[in-house]
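Single-letter residue listing:
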Amino acid sequence: MINKMQMIFKFLIIISIFATNSLFANEPKLNLTPQEKEYLKNTTITYAGDPNWLPFEAFDKQGKYIGIISEHIEIIEKKLDLKFKKIITKNWSDTLELSKKTEADIISGDAADVTLAKNYKPIDIYMQNPLVIITRDNYSFVSDLNHLKDKKIAYGNGGGYSTDIVKKYPNIEFIITDTIYTGLLGVKSGKYDVFIGTLAMTDYSIVQMGIENIKIAGDTGITMNLTLFVNKNKPQLYTILNKTMKSISDIQKHNIISKWRYNKIEKVIIDYTLVWQILGISFIIVFIVLIAYQKQKKLHKKIKVLNDNLENKIKEEVEKNKQQQLLMLHQSRLAQMGEMINMIAHQWRQPLNVLSMINQTIILQYNRKKLDDEKVKYFKENTKKQIQNMSKTIDDFRNFFKPEKEKIEFYINDVISDTLELVKPILTKASIEIIFKNKQQFKIIGFPNELGQAILNIINNAKDALVENKIENKQIKIKLVEDENITLTISDNAKGIPENIIDKVFDPYFSTKENKNGTGLGLYMTKIIIEEHTNSKISVSNNKNGANFIITLNKLKIVK
Ligand SMILES: Nc1ncnc2c1ncn2[C@@H]1O[C@H](COP(=O)(O)OP(=O)(O)O)[C@@H](O)[C@H]1O
Ligand SMILES: [Mg+2]
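Rules of the game
- Residues numbered from 1 in each chain as written.
- Chains lettered and ligands numbered in written order.
- Predicted model: local features only at pLDDT ≥ 70, side-chain atom pairs only at ≥ 80, totals over all residues.
- Heavy atoms only, no water.
- Helix = DSSP H or I, 4+ residues; strand = E, 2+ residues; numbered from the N terminus.
- Rg over C-alpha atoms; globule rule 2.2 N^0.38 Å.
- Buried < 20%, exposed > 50% of the residue type's maximum accessible area, 1.4 Å probe, protein only.
- Contact = heavy atoms within 4.5 Å.
- Areas by Shrake-Rupley, 256 points an atom, 1.4 Å probe, with all protein chains shown as cover.
- Lys, Arg positive; Asp, Glu negative; His and termini not counted.
- Charge placed at Lys NZ, Arg CZ, Asp CG, Glu CD.
- Pairing = 2+ DSSP bridges.
- Patch = residues over 30% accessible without salt bridge, like charges linked within 9 Å, V, L, I, M, F, W, Y side chains within 5 Å.
- Salt bridge = Lys/Arg side-chain N within 4 Å of Asp/Glu carboxyl O.

Peer 1: So what exactly am I meant to see when it comes to the overall build of the protein chain here?
Peer 2: From N to C terminus, the protein chain includes 15 helices and 19 strands. Taken against the 2.2 N^0.38 rule, which gives 24 Å for 560 residues, the C-alpha radius of gyration of the protein chain at 61 Å runs more than 25% over that of a compact globule. Dimensions of the protein chain, computed from C-alpha atoms along their principal axes, come out at roughly 180 × 60 × 55 Å. Residues classed as buried in the protein chain amount to 42% of the 560 residues present. Contacts in the protein chain between residues far apart in sequence, at least 24 positions, make up 73% of those at least 6 positions apart. Just so you have it, the protein chain exposes about 33100 Å², and 55% of that area is on carbon and sulfur atoms. Distance between charge centroids for the protein chain: 4 Å, based on 80 positive and 63 negative side chains.

Peer 1: I keep staring at the sheet that holds strand β2 (residues 52–53) and nothing clicks. Help me out?
Peer 2: Spatial ordering of the open sheet is given by β2-β3-β4, a layout of three strands whose pairing is antiparallel. Edge positions in the open sheet fall to β2 and β4 (65–66), since each of these has one partner strand only. Inspection of the sheet shows strand β3 (residues 57–59) paired to β4 by two bridges, in the antiparallel sense. Paired with Ala58 across the bridge in β4 is Ile66.

Peer 1: Before we go on, may I ask you to explain a nonpolar patch on the surface in this structure?
Peer 2: Together, Phe283, Ile284, Phe287, Ile288 and Ile291 line one region of the surface with nonpolar side chains, adding up to about 510 Å² of accessible area. With respect to the element layout, Phe283 can be found in helix α11 (residues 273–367).

Peer 1: Sorry, what's going on with the side chain of Asn460 here?
Peer 2: Locating Asn460 in the fold gives a position in helix α14 (residues 448–468). The class of Asn460 is buried, set by a relative accessible area of 4%. With near-sequence residues (within four places) excluded, Asn460 lies in contact with Glu339 and Val423.

Read these as layout, nothing more, since geometry by itself doesn't imply function.
Right under this line is the structure:
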């Protein structure tokens with residue numbers, strides 16, 4: 001029932017827009033007098049309107065005059081065969097200011113406008129626009145605005161009809177909104193209960209903004225009448241304009257309105273600048289965030305890869321280092337084994353000689369038929385002794401180079417003596433005198449074999465230097481002194497280590513014996529044995545005759 005009433009009501013309103021003339025009248029003729037035609041020649045007519053009052057009128061971004069009024073003006077211009085010079089103002093207030101100085105010949109406006117009426121005369125109303133009541137959907141048909149007087153009722157500023165509204169509804173306290181849009185949105189959100197605006201304008205705005213859930217709920221009985229104000233001092237222009245406007249048929253007017261209500265909607269220029277700006281900024285922000293995120297992700301990835309690589313590299317390096325040490329240990333062991341075989345060979349020379357002699361004597365005695373039981377027994381015992389001797393040498397070396405797993409208590413003196421015992425034949429052969437006087441016993445805890453190997457390395461180097469330098473009275477002195485710690489000094493008289501290499505002798509693979517199968521690992525391994533395995537110190541210096549190797553053994557572990 002209510003819907004039906006609303007439809008009938010809407011229809012009536014649309015019909016009423018054209019109430020000034022009959023809808024079906026023929027297009028009236030325009031008859032201009034010769035004087036009027038003459039007047040239009042060589043004259044410039046200036047024109048101003050509201051720059052932002054769609055669907056009635058507006059200047060778009062390109063400065064083109066558009067809207068319902070604009071299309072009326074266009075028809076007039078065509079009929080008069082001239083173009084009005086449009087003055088584009090910033091806003092309606094500017095247009096009113098302009099009117100005060102009569103800077104425009106014609107200004108479009110609401111017939112009720114008192115400001116314009118001062119210097120201008122309105123032509124006959126050419127279009128009427130009813131002021132309608134807009135509510136939310138849940139309101140029923142409003143027959144009289146007074147019924148809603150306790151509600152929040154608003155209308156838009158600058159519509160030109162405020163005087164009429166206040167006059168008609170003196171008991172209602174109206175709220176004035178900045179624009180029609182804020183008014184309509186206010187109704188939708190519940191900020192206002194009612195908004196009053198022209199049918200054309202509200203209808204247009206509702207469609208333009210796509211506002212849902214609000215509707216035209218009634219009529220105020222007030223109409224906004226469109227007219228053109230003409231400079232009071234230009235009566236001829238006034239009559240020409242009035243005549244020409246009247247010559248526009250109702251069908252033409254209807255078409256214009258229809259166009260602006262429906263078809264032209266997509267052509268209407270809304271100021272999209274802000275929308276574009278917001279969209280642009282949002283896009284930039286999203287873009288920046290995306291880039292930042294991507295960069296962060298990449299960085300994370302990079303850091304992770306770097307971390308992984310670093311971890312792997314460290315692992316690799318540690319592993320390499322381990323392998324390297326193992327290799328060096330192996331190489332140094334090989335070198336030591338070579339030396340050991342050399343030493344064994346020297347140790348065996350004596351018993352081998354004895355065995356050879358016994359062998360020859362036996363054969364000789366046998367040939368001479370002098371081999372009796374007693375002799376055989378003597379040979380047997382002597383041979384056995386030599387063979388036991390040789391076997392012991394091997395055991396000694398094997399024990400000497402046997403890897404030790406646990407620390408044990410031992411006398412340093414014993415280790416020195418054992419080492420010297422092994423190396424003695426070689427030293428004797430090279431005419432090297434060994435001086436080891438200190439017979440005081442020092443007991444420490446550690447790896448005796450390793451310590452022996454370290455001492456052996458130092459003695460072997462001394463021997464090499466002594467032989468190489470062809471020293472006359474070759475000597476190796478071993479001294480054991482007790483002070484804060486136990487100091488073991490091994491010195492020779494082989495002229496010392498050249499000063500330019502003395503800092504490098506403990507470096508792995510440093511050797512001056514390239515031609516004589518030096519490995520450069522002897523002193524490196526010695527340093528590791530002394531400093532890492534025995535928790536002691538080793539250093540080298542030169543005295544006036546030769547090199548001095550000083551091993552400082554930690555006394556904490558010493559048992560006397
Ligand atoms: N007593 C010493 N007198 C002179 N030079 C020495 C002495 N001991 C070591 N050196 C020097 O130190 C170097 C490194 O010794 P080492 O690490 O045992 O390697 P290698 O004996 O295989 O050359 C020797 O090549 C030698 O030049
Ligand atoms: Mg060596």
